[in-house]
Amino acid sequence: TNPYEWTNGIAKYNYLRQNSLLGKTIALSYADEEHVENAKYGYYMARILGLAGWAFSPKLVYAQGGDVIRLDVYEVGVPISSPILNYAGKNATRTFTSGEVVVDLAAPSLKIPFQYVYYEIEGRPPSQSALTSDDVKPGANSNIVSYAYASTPKGLYVYLKATGTSVTCFHIYINYDGDNSTGYGPSWLEDFGAEYMVEVWSDGSFAGLYKYTGSGGNWRWLQLTSDISFNLTSTGSTYELELIVPASVQGNDIYEEKSSKLNIAVNVNWNDDSYLRHNKLIEPKPTAPTIYDEEDLFTNYIARVTEMLVEKSYAAAFTDAPSTIASGLANYTICVPYPSISKVTKFGSALQKMDTPTFSGEGYYVEPHDNFSKVTVVVKHSSPVTIMVYKGPSTVGFGGVFEPISLAHQITMSALIFMLMPLSIALIRRLLKSPPPLQRRS
Ligand SMILES: [Ca+2]
């Protein structure tokens with residue numbers, strides 16, 4: 001029989017379960033480049049079934065060499081229900097502390113309780129993004145410490161950390177066609193031909209997107225917009241900058257080219273440009289939207305739990321949400337392994353218990369299940385927020401209090417933390433009454 005058939009998989013699962021071997025089994029998923037998304041279903045299926053581990057290998061890579069394909073999968077937390085397998089429907093479901101995970105192998109499709117944040121820094125996670133001397137050319141009075149970007153259908157998100165004295169502005173150059181011979185290409189950029197540039201003034205008064213209209217090293221730029229959302233903070237000589245280059249700006253076709261490259265320069269003065277070498281945008285326009293894409297849907301947005309601690313009598317959730325939520329209120333759904341809840345606090349202050357799942361203002365609502373509770377918490381945005389959920393007394397008739405799995409009392413959603421660190425500073429939209437003039441190179 002075909003070992004890849006679902007029925008055969010069920011037989012294997014039942015054999016492993018009946019012989020208590022699930023916790024000693026490691027699954028390997030492999031896929032070719034076209035079906036790499038499907039491989040992540042294998043990861044979540046391994047978590048649902050309770051396997052000891054899971055690995056991923058792009059098909060043929062290790063036999064014949066080639067690029068390593070990255071597969072983004074995330075921690076789902078401690079399982080708080082048994083797996084539910086629908087043999088006929090070819091789907092599997094299990095509830096974890098992060099919520100309900102459903103893998104449908106018939107479709108195939110995946111339902112997870114959080115959404116992906118697309119993130120790449122030259123294939124490295126942000127935790128490994130510390131730049132080396134090979135990445136950056138330091139200026140006499142400035143240096144780029146680290147950077148990150150996320151490309152989504154809504155726009156290009158850029159994070160930059162730099163040091164410098166008497167910094168005047170930041171320039172982010174985008175070589176949209178990947179062709180170094182076209183666009184703005186002065187000698188100091190070392191054969192980098194930029195079709196676009198974002199300029200941010202270091203006093204925080206202005207950020208704009210420009211399209212290059214000159215040739216070679218001529219300083220000629222057409223302003224496409226002065227409405228660039230950005231957030232700039234500084235501590236001494238260290239600057240942190242986050243901004244969005246909106247895909248919707250008239251005349252912006254950065255996203256039409258899959259070979260777009262980034263180059264970031266920090267201008268301390270016009271004779272001191274430290275800059276980051278070429279970095280290619282990877283998949284500039286992914287089809288799946290991220291949590292940053294649907295501003296209108298922020299009211300329904302399930303905010304992110306970045307870290308969670310589950311103890312016998314309480315659970316602590318450390319959460320984050322975009323400050324762009326219009327109402328200022330963020331919804332969090334947290335599943336905890338307690339059949340009843342005594343109280344929920346935000347930064348130590350008790351929140352009001354609500355009788356219905358939909359309510360206005362801050363508060364919480366509990367949806368009890370046999371051995372866990374689904375808690376909806378609504379609190380005002382702040383980064384981060386510490387939410388504590390306390391276990392209530394055991395109810396009569398319930399067959400014992402469910403205890404968290406001992407090895408996983410403390411879980412850290414490290415993958416999510418990696419994703420969020422550089423983007424945790426709030427992005428603030430600044431509307432300027434009139435576009436200031438472009439700073440000129442002298
Ligand atoms: Ca170019």
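This is a predicted model, so every value here is computed, not measured.

## A closer look at the environment of V103
Residue placement: V103 occurs in strand β5 (residues 99-104). Distance from V103 to Y43, taken between C-alpha atoms, is 9.9 Å for residues 60 residues apart in sequence.

## Quick notes on the coordination of the calcium ion
Protein-derived coordination of the calcium ion comes from N175 (OD1), D177 (OD), D179 (O), T182 (O), T182 (OG1), G193 (O), E195 (OE) and E195 (OE), at a distance range of 2.4 to 2.7 Å. Mapped onto the polypeptide sequence, the residues donating to the calcium ion form the spacing pattern N-x1-D-x1-D-x2-T-x10-G-x1-E.

## Describing the nonpolar core
Formed by 31 residues in total, the largest nonpolar core has its most connected members in L160, F170, I172, V200, L241, L243 and I264. Elements that contribute at least two residues to this core include exactly β8 (142-151), β9 (155-164), β10 (169-175), β11 (196-201), β12 (207-212), β14 (230-235), β15 (238-246) and β16 (261-269). Once residues within four sequence positions are removed from consideration, L241 is found in contact with V158, Y159, L160, F170, V200, F230, N231 and L232.

## Notes on the pattern of salt bridges
Applying the stated criterion across every chain, the model contains two salt bridges. Here E362 ties to K346 by a salt bridge, and the two come within 2.9 Å at their closest N and O atoms. Here E362 is found in the loop between β23 (349-350) and β24 (363-368), whereas its partner K346 is found in strand β22 (residues 341-346), with 16 residues between them in sequence.

## Digging into the sheet that holds strand β6 (residues 109-111)
Taking strand neighbours across the sheet as the criterion, the four strands line up as β3-β4-β5-β6 in an open arrangement whose pairing is antiparallel. Two strands in the sheet have a free side with no partner beyond their single neighbour: β3 (84-86) and β6. Direction aside, neighbouring strands of the sheet carry axes that sit 10° apart on average. Both β3 and strand β4 (residues 91-96) contribute to a ladder of three bridges, which runs antiparallel. Bridge assignment links L85 to a residue of β4, and that residue is A92. Contacts from helix α2 (residues 36-49) reach β3, β4, β5 and β6 within the one sheet, and its direction differs from that of β4 by about 65°.

## What about the sheet that holds strand β25 (residues 373-380)?
In spatial order, the strands read β21-β25-β24; together these three strands make up an open sheet with antiparallel pairing. Each of the sheet's edge strands pairs with one partner strand only, and the pair in question is β21 (329-336) and β24. Across the sheet, the mean angle separating the axes of adjacent strands is 15° when strand polarity is ignored. Pairing between β24 and β25: six bridges, direction antiparallel. Residue pairing for β25: Y364 is matched across the bridge by V377.

## Concerning the side chain of S274
With respect to the helices and strands, S274 occurs in strand β17 (residues 272-276). Using a relative accessible area of 0% as the deciding quantity, one classes S274 as buried. There is a polar contact of 2.9 Å between the side chain of S274 and the side chain of S142. With residues near it in sequence (within four places) discarded, S274 still touches K137, P138, G139, S142, N143, I144, I264, A265 and V266.

## Some points on the packing of aromatic side chains
Remark: the centre distance and the inter-plane angle together describe each pair of aromatic rings, the angle taken between the planes. With the rule as written, the count across this model stands at 16 aromatic pairs. Between the aromatic rings of W219 and W221, the centroid separation amounts to 5.6 Å while the plane-to-plane angle is 70°, which identifies the pairing as edge-to-face. Look at W219 and you get buried, because its relative accessible area is 12%. Given the relative accessible area of 11%, W221 is considered buried. Feature note: the residues Y173, Y184, W188, Y212, W219, W221 and Y275 constitute an aromatic cluster, connected by ring pairs. Here the guanidinium or amino end of K343 rests over the ring plane of Y390, the centre of that ring lying 4.9 Å away.

## Considering the confidence of the model for the protein chain
The pLDDT averaged across the protein chain works out to 73; a share of 68% of its residues lies at or above 70. Contacts for the low-pLDDT stretch residues 116-129, under 50 throughout, to residues beyond four places or in other chains number 50 contacts. Under a pLDDT of 50 for its full length, residues 283-302 has, in the predicted model, 50 contacts with residues more than four places off or in other chains.

About the criteria used
The residue count restarts for each chain, going from 1 along the sequence in the order it is written. Whole-chain, interface and lining totals are the exception, using all residues; otherwise, since this is a predicted model, local features are given only for residues with pLDDT of at least 70 and side-chain atom pairs are given and counted only at 80 or more. Each side-chain value is derived from all of the structure's non-hydrogen atoms; neither hydrogens nor water enter the calculation. In this text, helices come from DSSP runs of H or I with a minimum length of four residues, and strands from runs of E with a minimum of two, each type numbered from the N-terminal end. Because water is not among the atoms used, a metal site may look incomplete, as its donors are only the N, O and S atoms within 2.8 Å, or 3.2 Å for Na, K and Ca. Only buried Ala, Val, Leu, Ile, Met, Phe, Trp, Tyr and Cys residues count toward a nonpolar core, and they belong to the same one when joined by side-chain atoms within 4.5 Å. Only protein chains enter the calculation, and the probe is 1.4 Å; a residue is then buried if its accessible area is under 20% of its type maximum, exposed if over 50%, and partly exposed in between. The contact rule is simple, with two residues in contact once any of their heavy atoms fall within 4.5 Å. What counts as a salt bridge is simple: a side-chain nitrogen of Lys or Arg found within 4 Å of a carboxyl oxygen of Asp or Glu. In this analysis, strands are considered paired if DSSP registers two or more bridges between them. Helix axes are fitted only over the stretch in contact, all axes being lines through C-alpha atoms; the angle between N-to-C directions runs from 0 to 180 degrees. By the criterion applied in these results, polar contacts are pairs of N or O atoms within 3.5 Å in which, for protein atoms, one can donate a hydrogen and the other can accept it, and in which residues neighboring in sequence qualify only through two side-chain atoms. Side-chain rings of Phe, Tyr and Trp (the six-membered ring for Trp) are treated as a pair once their centres are within 6.5 Å; stacked means planes under 30 degrees apart, edge-to-face means over 60, and tilted covers the remaining angles. A ring has a charge above it when a Lys NZ or an Arg CZ is no more than 6 Å from the ring centre and no more than 35 degrees off the ring normal. pLDDT runs from 0 to 100 and stands for how confident the predictor is about each residue.

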